[in-house]
Amino acid sequence: MTAIRIYEPALCCDTGVCGVDVDQSLVEVTATVRSLQELGADIQRHNLATDPLAFTTDETVRAFMHVVGSTGLPLTVVDGVTVATGAYPSKSQLLAFAGLAAAAPTDRPQLGLTEKSAGGCCGGATGCC
């Protein structure tokens, strides 16, 4: 199975709906990742603030961070190959990377925001938003 990994800059919450300004790209990637996971795709997101170890254990990511740094994030890696930097791939691109382009349901909205997390800045004790 294809492994898709998205390495993101330090974010206080991955949904994009915390704080005053909503980051539409985060809302869309959150919905897309959840949708792909429901379809059985091997896709994960790694946040520099909450999962820094993921940035050091993958050679591709470690080399990218050494050369470009966090200003080049997000970084998307598919089976060890860099496929996108500086922006999130679209839903259609992620579906294609996962080999699920034909399997995507198109007749229902994919909001991906079903419940508030008990942890993190939007629902936890950090109070960063």
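Residues numbered from 1 in each chain as written. Predicted model: local features only at pLDDT ≥ 70, side-chain atom pairs only at ≥ 80, totals over all residues. Heavy atoms only, no water.

### Concerning the side chain of threonine 30
The residue threonine 30 is located in helix H1 (residues 24-38) in this model. A residue is classified by how much of its surface remains accessible, and threonine 30, at 2% relative accessible area, is buried. One polar contact links the side chain of threonine 30 to the main-chain carbonyl oxygen of leucine 26, over a distance of 2.8 Å. (Helix = DSSP H or I, 4+ residues; strand = E, 2+ residues; numbered from the N terminus. Buried < 20%, exposed > 50% of the residue type's maximum accessible area, 1.4 Å probe, protein only. Polar contact = N/O pair within 3.5 Å; in protein donor to acceptor, adjacent residues only side chain to side chain.)

### Quick look at the pairing of strand S3 (residues 75-78)
Of the two faces of S3, the one lined by Leu75 and Val77 and the one lined by Thr76 and Val78 are each fully buried. In terms of strand pairing, strand S1 (residues 3-8) meets S3 through 4 bridges, oriented antiparallel. Within S3, the position partnered with tyrosine 7 by the bridge is leucine 75. Pairing between S3 and strand S4 (residues 81-85): 4 bridges, direction antiparallel. Bridge pairing links leucine 75 to threonine 85 in S4. (Pairing = 2+ DSSP bridges.)

### Overview of the pattern of salt bridges
Across all of its chains, the model carries 3 salt bridges by this definition. In this structure, aspartate 42 and arginine 5 form a salt bridge, with 3.0 Å as the shortest nitrogen-oxygen distance. In this pair, aspartate 42 is assigned in strand S2 (residues 42-47) and arginine 5 in strand S1, connecting sequence segments 37 residues apart. Its relative accessible area of 24% is what places aspartate 42 among the partly exposed residues. (Salt bridge = Lys/Arg side-chain N within 4 Å of Asp/Glu carboxyl O.)

### Brief notes about the packing of aromatic side chains
Aromatic rings considered in pairs are described by the distance between their centres and by the relative angle of their planes. Taken as a whole and assessed by the stated rule, the structure comprises 1 aromatic pair. Between tyrosine 7 and phenylalanine 55, the aromatic rings sit 5.3 Å apart at their centres with planes inclined by 75°, giving edge-to-face as the arrangement. Residue tyrosine 7 is found in strand S1, and its partner phenylalanine 55 is found in helix H2 (residues 52-57); the two are separated by 48 residues along the sequence. For tyrosine 7, a relative accessible area of 3% puts it in the buried group. Overall, the relative accessible area of 4% leaves phenylalanine 55 in the buried class. (Phe/Tyr/Trp six-rings, centres within 6.5 Å; stacked < 30°, edge-to-face > 60°.)

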